[in-house]
Amino acid sequence: MPKERIDKMIASTTAHSRKEVKAMLREKRVLVNGNTVTDGAFKLDIAADTVCIDGVALPMKRYIYLMLNKPQGIVSASRSAAEKTVVDLVPPDLRRDGLFPAGRLDKDTTGFVLLTNDGDFAHRILSPKNHIQKTYVARLAEPITSEKIAVLQSGTTLRDGTVLLPASVKIIGEDAQTVQIKICEGKYHQIKRMLASVGNRVTELSRTHMGALPLDSTLAPGACRALTEDEVRKICEK
Ligand code: URA
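Residues numbered from 1 in each chain as written. Predicted model: local features only at pLDDT ≥ 70, side-chain atom pairs only at ≥ 80, totals over all residues. Heavy atoms only, no water.

Student: Explain the pairing of strand 9 (residues 110-116) here, please?
Tutor: Residues in a regular strand project their side chains so that they alternate between the two faces of the sheet. Along strand 9, 6 of the 7 residues are buried, which leaves the element largely enclosed by surrounding structure. As judged from the 2 bridges shared by strand 9 and strand 13 (residues 202-210), these two strands associate in the parallel manner. Bridge pairing in strand 13 places Gly 111 opposite Arg 207. (Buried < 20%, exposed > 50% of the residue type's maximum accessible area, 1.4 Å probe, protein only. Helix = DSSP H or I, 4+ residues; strand = E, 2+ residues; numbered from the N terminus. Pairing = 2+ DSSP bridges.)

Shown next as structure tokens:
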């Protein structure tokens, strides 16, 4: 069960400073499941406990949204007996039951992975009908031509006959071998298969944005942090 210090949880959920929270606890104004708690170090089970301050229930942050800078060689799964997963990279204080990657990256793909325990949110941002773009930068084996870009932009048909929604593709490297691609679907190996369908090959792939939210450039590979409410909202911006 996820545990958090009560003083930290109240200070992060309300406008009260840590000092004010300590005073409230001392004044016996805080109840957990109906029992007075005075110790700021008391460990709350944030998935189950109810906290009241002056008789008013505090909305508990039961959901968490994390941004992870995925390194190569890590699998996008919640758990694996054989391999290290993106969830294994989450430090203990950010761990929650039910944490999973909202949208998978291949083992060799790097960059932005959103981890959450909020299934409805994940469904909302991943569903192609909501048109939330995921932005990738791909390094290609061959320079790409404007004709091939036009094919990818008009809605590629993959070699197995799968028809994709139109993508946005832009050359960002001088040698026409680095492209930025925006897609709002998440089909298996989608970008690699798109490029293969126009006779090219992806040699490196990284996800840089989810919706309008960029990967935090200060996050080292393998590091993760909680998103602010504003950042969570930005993911839903088109
Ligand atoms: N497309 C791919 O081919 N691989 C990824 O990891 C993500 C999108």
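Student: Explain the packing of aromatic side chains to me, please; I cannot follow it from the model alone.
Tutor: The relative placement of two aromatic rings is captured by the distance of their centres and the angle of their planes. Taken as a whole and judged by the stated rule, the model has 1 aromatic pair. Seen from their ring centres, Tyr 65 and Phe 121 are 5.1 Å apart, and the 70° between their planes marks the pair as edge-to-face. With Tyr 65 in strand 7 (residues 65-70) and Phe 121 in helix 3 (residues 119-126), this pair connects stretches of sequence that are 56 residues apart. Note on accessibility: Tyr 65 and Phe 121 belong to one class, buried. (Phe/Tyr/Trp six-rings, centres within 6.5 Å; stacked < 30°, edge-to-face > 60°.)

Student: In this structure, what is going on with the side chain of Asp 106? I would like to understand it.
Tutor: Here Asp 106 shows up in the loop between strand 8 (100-101) and strand 9. For Asp 106, the residues in contact, after removing those within four places along its chain, are Lys 70, His 189 and Lys 192. (Contact = heavy atoms within 4.5 Å.)

Student: Help me understand the environment of Tyr 136 in this model?
Tutor: Along the chain, the position of Tyr 136 falls in strand 10 (residues 134-140). A residue is classified by how much of its surface remains accessible, and Tyr 136, at 7% relative accessible area, is buried. Spatially, the C-alpha atoms of Tyr 136 and Thr 110 are 9.7 Å apart, while their sequence positions differ by 26 residues. When sequence neighbours within four positions are dropped, the list of residues in contact with Tyr 136 reads Leu 105, Val 179, Gln 180, Ile 181, Ile 183, Ile 191, Leu 205, Ser 206, Arg 207 and Thr 208. A distance of 3.0 Å separates a polar atom in the side chain of Tyr 136 from a polar atom in the side chain of Arg 207. (Polar contact = N/O pair within 3.5 Å; in protein donor to acceptor, adjacent residues only side chain to side chain.)

Student: Whenever I open this one, the pattern of salt bridges confuses me. Can you help?
Tutor: Should their charged atoms come close, side chains of opposite charge can pair. Overall, the coordinates contain 14 salt bridges when judged by the stated rule. Notably, a salt bridge pairs Arg 5 with Asp 7, separated by 2.8 Å at the nearest N-O pair. Under the relative-accessibility criterion, Arg 5 is labelled partly exposed at 29%. Between Arg 225 and Asp 216 there is a salt bridge whose closest N-O contact spans 2.9 Å. Since its relative accessible area comes to 24%, Arg 225 is described here as partly exposed. (Salt bridge = Lys/Arg side-chain N within 4 Å of Asp/Glu carboxyl O.)

Student: Would you mind showing me how to read the sheet that holds strand 6 (residues 56-57) here?
Tutor: Across a sheet, paired strands are connected by hydrogen bonds in the backbone, their directions being either parallel or antiparallel. One open sheet accounts for 4 strands, arranged 3-2-5-6; its pairing is antiparallel. The outermost strands of the open sheet, each flanked by one partner alone, are strand 3 (35-36) and strand 6. Sheet analysis places strand 5 (residues 51-53) next to strand 6, joined by 2 bridges and oriented antiparallel. Bridged to Ile 53 within strand 6 is Val 56.

Student: What is the right way to look at the site of the ligand in this model?
Tutor: Around the ligand sit Leu 105, Asp 106, Thr 109, Tyr 136, His 189, Gln 190, Ile 191, Lys 192 and Leu 205, and that is every residue in its neighbourhood. Thr 109 places a side-chain nitrogen or oxygen 2.9 Å from an oxygen atom of the ligand. The separation between an oxygen atom of the ligand and a polar main-chain atom of Gln 190 is 3.4 Å. Here the ligand, which alone exposes 240 Å², has 96% of that area covered by the protein. The dominant element in the shell around the ligand, judged by the number of residues it contributes, is helix 5 (residues 190-197), at 3 residues. In terms of residue class, the shell around the ligand is built from 4 nonpolar, 3 polar and 2 charged. (Near = heavy atom within 4 Å. Areas by Shrake-Rupley, 256 points an atom, 1.4 Å probe, with all protein chains shown as cover. Nonpolar A, V, L, I, M, F, W, Y, C, P; charged D, E, K, R; others polar.)

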